[in-house]
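# Architecture and fold: a report
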Amino acid sequence: MKILVAVKRVIDYNVRVRVKGDQTGVETANVKMAINPFCEIAVEEAVRLQEAGKAKEIVAVSIGPSQCQEVLRTALAMGADRGLLYETDAELQPLAIARLLQHAIQKEQPTLVILGKQAIDGDNNQTGQMLAALLGWPQGTFASKLEFDGNQAIVTREIDGGLETVALDLPAVVTTDLRLNEPRYLKLPNIMKAKKKPLDVVPAASTGVELASALKVLRVTEPPRRSGGVKVASVQELVDKLRNEAKVLS
Amino acid sequence: MSVLVVAEHDNQELKSATRNTITAATQLGGEVVVLVAGQGCGAVAQAAAGVAGVARVVQVEAEHYAHPLAEELTPLVIAHAGNATHVLAPATTFGKNLLPRVAAQLGVMQISDIVRVESPDTFVRPIYAGNALATVQSSDRVKVITVRSTGFDAAATGAAPAPIEQGAAQPAFGKSRFVRHQLTKSERPELTSASIVVSGGRGMGSADNFRLIDDVADKLGAAVGASRAAVDAGFAPNDYQVGQTGKIVAPNLYIAVGISGAIQHLAGMKDSKVIVAINKDEEAPIFEVADYGLVADLFQALPELSTALSR
Ligand SMILES: Cc1cc2nc3c(=O)[nH]c(=O)nc-3n(C[C@H](O)[C@H](O)[C@H](O)COP(=O)(O)OP(=O)(O)OC[C@H]3O[C@@H](n4cnc5c(N)ncnc54)[C@H](O)[C@@H]3O)c2cc1C
Ligand SMILES: Nc1ncnc2c1ncn2[C@@H]1O[C@H](COP(=O)(O)O)[C@@H](O)[C@H]1O
């Protein structure tokens, strides 16, 4: 089985994000960037499948500026075999991303595509579902467990009421939830090895894929700030305040 | 103009987030049509017909709609979207799984998690774990949108019933099959619609200790939530997770116990009306958003709170 994983470069999850003064977006200059945590889980899952003898080859794909090569190198250091970057400086929306990934899939013909459930910058949670639609494939979103049974992927999904298990005919698209696995730490020798692994760069504009978006961001603003309140000295004082001051308890 | 709302349900009950979505739908102008697809879902169609603002309910029954598989529902939603200007669903795991598939099939963008309608083509949605709000405008002929329930009140029930039509099913997709559910059983109110939520974090120490949270929640008629760390450690089921990548809640009262207040957690609860934090570390960032902070050991504070609430 060949697996394609999609990895996005995002602002590191530890960074306190700041809205720009001109309301055009958030501050990205001199901000630490990293692989999207859900994508890291996607790569880890693919590598584990390869280690278990279930997958032959892993291709990691990223879309964005030249610096996305860094997150592809991370994926390669984790164990992916090849990297593919669709290079563009434009900020693409999930539908365009899904179309580019479809382009890669037509070329690579994988049996399984693993994406993160959500990129923690735009918080869209769309791309995997869109990709599955474009391909006409089944989708196993928010996966916390992935198994195989013959030509089927058995996916346990984290849903609002608990867990749901679905069986999907392959080829299929899977998106990862947090509890699918715990990604490994990178080891120095693997980081060195990753530098020699193949990484293709293709200009996104050369693919002929429709990249324009009908969704325009008019402005990005700061949410209303919550100011901290008071400290109470005891449980009794807390209950009194909740009853008589905040009036949220009867 | 017409707005198609895809109802979330389990063939028995209309999920309350659907009613928040209907409120958003009524703000778009135009007729609000609710699609109820399922198997043996008559009671749900009736409940939907009684929600204020609904003009019409379309009920579609088929075996392949017994469980809400996105692959099966997508062609059906598209068939019923007809000349709708908007297609809406709640931003729950149900809506998040389904609507991007619908949008891509229609060749349009999907707008996730809106919290405000500015006009029929302009919406506000949180990004970066709620650290920024984006105002976005769509020029797509049909706007496909998931609605965050904390941004909109639930539409009232008990309105004069709207007509219910039976709609035709689409052929089955067949390449994905429902296998089983493991649903968390609870007598408590639903996390996302409860007026009081008590959440525990890593500080709880074990699944057993979560009973201290349960005790307080029972006294308050509250729902129980958890931080990611508590869920990862197996202290609480996955569907208790509150946060950027879990559930978004905005109750009248949110009590965070043994939770440090990482931005990913705050993203899921900082719009609560009143926030209480109980934490033994007075530097914990959760106190920056708490209206009432109690610096204390939770193993002492929770039993005391339970007793105080009985009086
Ligand atoms: C991609 C991504 C997505 C994430 N999504 C979410 C999400 O949706 N929701 C979420 O919650 N997190 C999420 N996280 C994790 C988040 O970053 C934090 O790691 C997590 O919220 C920490 O949980 P916690 O506060 O319970 O644990 P900790 O940060 O370990 O805090 C435990 C707290 O308990 C207190 N404590 C310990 N013992 C006691 C005691 N006896 N009495 C009183 N207080 C005590 C400590 O002082 C401490 O403040 C996400 C992270 C990533 C990378
Ligand atoms: N620019 C990108 N490059 C590669 N993969 C992406 C990109 N954007 C989104 N994805 C994939 O889609 C997932 C969900 O992203 P989103 O729908 O934007 O929340 C991510 O976790 C990635 O796996």
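Given the structure is predicted, the values throughout are model-derived calculations rather than measurements.

### Quick look at the sheet that holds strand 12 (residues 215-221) of chain A
Reading across the sheet, the four strands line up as 12(A)-8(B)-7(B)-6(B) and stay open at both edges, with antiparallel pairing between neighbours. Edge strands, defined here as strands with exactly one partner in the open sheet, are strand 12 of chain A together with strand 6 (116-119) of chain B. For this sheet, the mean inter-axis angle between neighbouring strands, taken without regard to orientation, is 30°. Bridge analysis of strand 12 of chain A against strand 8 (residues 132-138) of chain B gives six bridges, and the strand direction is antiparallel. Within strand 8 of chain B, the position partnered with valine 217 of chain A by the bridge is valine 136 of chain B.

### Considerations on the interface of chain A and chain B
Each side of the interface is counted separately: chain A has 79 residues, and chain B has 86 residues. Here chain A packs against chain B, burying approximately 7,000 Å² in sum over the two surfaces, 53% of which is carbon and sulfur. Put simply, chain A and chain B have four salt bridges between them. The partner of arginine 219 of chain A in a salt bridge is glutamate 118 of chain B, and the shortest N-O contact between them spans 3.3 Å. Joining chain A to chain B, the criterion identifies 48 residue pairs in polar contact (both at pLDDT 80 or more). Among the elements that take part in the side of chain A that touches chain B, strand 9 (residues 162-169) of chain A stands out by supplying eight residues, more than any other. Along the lines of polarity and charge, the residues of the side of chain A that touches chain B split into 40 nonpolar, 21 polar and 18 charged.

### Observations concerning the pairing of strand 2 (residues 31-38) of chain B
Residue and element names in this part refer to chain B. In terms of burial, strand 2 is a largely internal element, seven of the eight residues being buried. Pairing analysis gives five bridges linking strand 1 (residues 2-6) to strand 2, with the strands arranged parallel. The residue of strand 2 that forms the bridge with valine 5 is valine 34. In terms of handedness, the path from strand 1 via helix 1 (residues 17-26) over to strand 2 forms a crossover that is right-handed. With six bridges joining them, strand 2 and strand 3 (residues 56-61) adopt parallel strand pairing. Across the sheet, alanine 37 pairs through a bridge with valine 60, a residue of strand 3. Note that the unit made of strand 2, helix 2 (residues 42-49) and strand 3 has a crossover that is right-handed.

### Considering the nonpolar core
Counting 98 residues, the largest nonpolar core has Tyr86 and Leu131 of chain A together with Val34, Val87, Leu88 and Leu98 of chain B as the members making the most contacts within it. Considering each element in turn, this core owes the most residues, eight residues, to helix 3 (residues 94-108) of chain A. Those residues in contact with valine 87 of chain B, other than ones at most four positions away along the chain, are Leu4, Val6, Val77, Ala81, Leu99, Val142, Lys143, Val144 and Ile145 of chain B.

Reading guide: rules and limits
- Residues numbered from 1 in each chain as written.
- Chains lettered and ligands numbered in written order.
- Predicted model: local features only at pLDDT ≥ 70, side-chain atom pairs only at ≥ 80, totals over all residues.
- Heavy atoms only, no water.
- Pairing = 2+ DSSP bridges.
- Helix = DSSP H or I, 4+ residues; strand = E, 2+ residues; numbered from the N terminus.
- Axes fitted to C-alpha atoms, helices over the stretch in contact; angles between N-to-C directions.
- Contact = heavy atoms within 4.5 Å.
- Buried area = accessible area lost by both parts, 1.4 Å probe.
- Salt bridge = Lys/Arg side-chain N within 4 Å of Asp/Glu carboxyl O.
- Polar contact = N/O pair within 3.5 Å; in protein donor to acceptor, adjacent residues only side chain to side chain.
- Nonpolar A, V, L, I, M, F, W, Y, C, P; charged D, E, K, R; others polar.
- Buried < 20%, exposed > 50% of the residue type's maximum accessible area, 1.4 Å probe, protein only.
- Right-handed = clockwise from strand over helix to strand, strands pointing away.
- Core = buried A, V, L, I, M, F, W, Y, C linked by side-chain atoms within 4.5 Å.

This is a description of form; function is not addressed.
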